[in-house]
Every structure is written in structure tokens, then in C-alpha cells.
Amino acid sequence: MKKSLFAAAFAALCFSVWAQVPETMNPDYQRAAMQYRNGDKHFVNSDVFFKLNSADKETGLDFVEFSLDGSSFMTYRNPFQILEEGKHDISYRGFDNSKNLEVAKTLSVIVDNTAPKTTLNTTEPLFYKGLAAYCSANTKWYISATDDLTGSGTAGAYIGTDLDSLALHGNGKEDEDAYYSVNEEGAAKIYYTAVDNVGNLAPIAVLSVVVDTTAPTVFIENSDRLINKDDAYMIFPSADVVDEEGRIIVSTKESVAFGATDELSGVDALYVKINDADYVKYIEPLHFSTNTVYNIDVKAIDNVGNVSEPVSYKFYVDKITPASDIEVIDREGNEPTTWSVPADGQ
């Protein structure tokens, strides 16, 4: 029996090999014919064509035939695709003009047309106010991308605020290279996607978020007590209610309340520190006891974790009661006249 020469020049089947993941991705991406090998597994997408090549040096080649997944052999005429996903076996053989039939060879491939499933995650929870999501500049974003068990595996994940140029970040796993941050305050849209090893790109998704980089502003809240000082009525506490040394004076019957404002995510909590004590969560107005001086530090934290610089207040407790006397005067405010009585009584 004459020898036949039959070779499936698979490396020359006009495949586009997924040699390097693109650094950027945009909505205009078009999948090309791609193949990917992982050990003994050979993945392709349905844009790949299979071309059979055969030759015989002696009497020449009569025809080539092939079988797909154990079906009956059929004559090969043109390159063909496999549209159905999953594992497929392509058996092929040549037949020469001397009636020599080659022993069939088999190529096994896995057709993968399904993009990875992608989810957008953060290293810390987002804060929601109604339907609006808030985060801080310290929030790190990353993509978790998983391909089907029979898929070729995730090749890269893409994320960014510029839809036309999403940057490659890691490979869909939570590692330092995969982290992405948004530092500019205000509303932002974060786009993300992932691609597998044979070029299947997941639909580009978007999440709207408000980035809050500003810490709350602490202030003293007014109570209902009016103070008449120097013929001017003022609401306590006030920096105007001071003594000659510029100190804010309070009494043991007073209390002081603190507040904070935050224009974006809102205030989560206030913390106060009195003299040398530790910071504690502020719950209600502070009452003054018999201590002479209160050094109070106040700081606030918003709902995405921005902490304000401590604001310091110093209150002096007024423990001295008023000193009163009585003065005798006439209608004009002068000292009344006193009758002089002669010494001899005359």
C-alpha cells in the first residue's frame, strides 16, 4: 500500500491568536476568529474556520473526508465552522488515487461563544440615599468575572469612567492590579466589562455613583436661652457671650449641643472628647458640672467615611454668684442730702 501524506496544518488555518489582551476596550470592539490552548484543552469561537489540507506524492489525492462528533464521513469541499457551543471531535482522512485510505486523525476543540459573567464590587460598602449611591475617594472598585465551566476562562477585565477607552485592570480577580478608584468629587459613571480567552466580550455595564471627598462641617447648635448682655439679647451658646478675656462663659445650668452638615452623602455621626477623656459618640447635649474649664473637641464622620478635622471649643463655667449691694440716691441719682445737727443741739 502506498504511503499517503496527510497533514492538518492547524497552525495555518487563518486563525487570529489571542496573544495579548488589549490594554483598552470600547463599544466598537468586534470579535475576531480566535483560539486558545490551556493544557490539553483547545478552545475556539465560532468565527474560526477549519480547513483540511492533504497531499499524496505518488498517485495523487482523490479526496478528503471528515466526520463531526462521530457522524458518518462526508466529503470535504470548503473550510467549515462549528456554531454549536461545547466540545466537538473533528475526524478527518485522505483517500488517494490508488485507493489507499488514511487512518483517521481526530482534533478535539471546545467552542466557546459565551462572554464572562461580570459583577462590579467595592472594597467597602456603598451608601445609598434613596436611589443614589455614594462612595468616597478611598473606595476601590474591582470586577469579578467568571467564565462558564466549559468556557475558555477570563482573559481581562476593563473598568473606567471613559466609555470610549476602558482600561485593563487585572484579570477579573481581586488583586492589587485590579483596583480602580475615582478621585474627583461629584457624580460619576463607572463602566465595566470583561473578555475571555477567545475574545467574547461581556456587554458593557454601567453604575452611577456620587463621589464624596468632603468631610462634614461641625458647628454649635443654639439652645433656646436668651442672654441679655450689654443691652443686647443673644442666643446661647455664642462666641459673643464672653467675658473680658474673650472666654465663652456658661453656667452649671446650661447645656451645649453640637451639629454638623454634609452636602453630599450626609452626616453619619459626631464624636466628642472632653478634656483628657477619649472620643465618644455624641448622643445628646452636654451638661456642665462644677469643673472650671471644659476643653471639648468635636469631629464628624459622613456616610462614606470622610472624617472632619476636630474642632476645639473651650468653655468656662461661671460658678460665681452675683455680688449685690444697695445705694441710696435722690431723684437725680445723687447721694441724698444729710441734715447737719449742731453739736450743742441748738
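Rules used throughout
Residues numbered from 1 in each chain as written. Predicted model: local features only at pLDDT ≥ 70, side-chain atom pairs only at ≥ 80, totals over all residues. Heavy atoms only, no water. Helix = DSSP H or I, 4+ residues; strand = E, 2+ residues; numbered from the N terminus. Buried < 20%, exposed > 50% of the residue type's maximum accessible area, 1.4 Å probe, protein only. Contact = heavy atoms within 4.5 Å. Areas by Shrake-Rupley, 256 points an atom, 1.4 Å probe, with all protein chains shown as cover. pLDDT = per-residue confidence, 0-100. Pairing = 2+ DSSP bridges. Phe/Tyr/Trp six-rings, centres within 6.5 Å; stacked < 30°, edge-to-face > 60°. Lys NZ or Arg CZ within 6 Å of the ring centre and 35° of its normal.

**A word on the overall build of the chain**
Phase 1 of the analysis: A count of helical and extended segments in the chain gives 0 helices and 28 strands.
Phase 2 of the analysis: Counting over 346 residues, the chain shows a buried share of 38%.
Phase 3 of the analysis: For the chain, the share of sequence-separated contacts (at least 6 apart) that also reach a separation of at least 24 residues comes to 60%.
Phase 4 of the analysis: Accessible surface, the chain as shown: approximately 20,900 Å² in total, 49% of it carbon and sulfur.

**Section: the environment of Val 44**
Phase 1 of the analysis: Relative to the helices and strands, Val 44 resides in strand β5 (residues 41–44).
Phase 2 of the analysis: Its relative accessible area of 1% is what places Val 44 among the buried residues.
Phase 3 of the analysis: Considering only alpha carbons, one finds Val 44 and Met 34, 10 residues apart in sequence, at a separation of 5.8 Å.

**Things to note about the confidence of the model for the chain**
Phase 1 of the analysis: This prediction gives the chain a mean pLDDT of 85; 84% of its residues lie at or above 70.
Phase 2 of the analysis: Taken together, the stretch residues 1–19 has pLDDT below 50 and engages in 54 contacts with residues farther than four places along the chain or on a different chain.

**Concerning the sheet that holds strand β23 (residues 255–261)**
Phase 1 of the analysis: Strand order across the open sheet formed by 3 strands is β19-β23-β26, with antiparallel pairing between neighbours. The open sheet is flanked by β19 (217–221) and β26 (286–287), the only strands paired with a single partner.
Phase 2 of the analysis: One ladder, built from 5 bridges, connects β19 with β23; its direction is antiparallel. If you follow Ile 220 over to β23, its bridge partner there is Phe 258.

**Some points on the pairing of strand β10 (residues 105–111)**
Phase 1 of the analysis: Pairing geometry for β5 and β10, over 2 bridges, is parallel. Each bridged residue has a counterpart across the sheet, and for Val 44 the counterpart in β10 is Val 111.
Phase 2 of the analysis: Where strand β9 (residues 86–96) meets β10, 7 bridges bridge the pair, whose relative direction is antiparallel. Following the sheet pairing, Tyr 92 is matched in β10 by Lys 105.

**Regarding unusual backbone geometry**
Phase 1 of the analysis: For Lys 99, which is not glycine, the phi torsion reads 70° and is therefore positive.
Phase 2 of the analysis: The residue Lys 99 is located in the loop between β9 and β10 in this model.

**Let's talk about the packing of aromatic side chains**
Phase 1 of the analysis: Under the counting rule described, the total for this entry stands at 13 aromatic pairs.
Phase 2 of the analysis: Centroid distance Tyr 76 to Phe 80: 6.5 Å. Interplanar angle 70°. Geometry classified as edge-to-face.
Phase 3 of the analysis: Here a set of aromatic residues connected by ring pairs shows up, and it is made of Phe 258, Tyr 282, Phe 288, Tyr 294, Tyr 313 and Phe 315.
Phase 4 of the analysis: Here the guanidinium or amino end of Lys 299 rests over the ring plane of Tyr 279, the centre of that ring lying 4.1 Å away.

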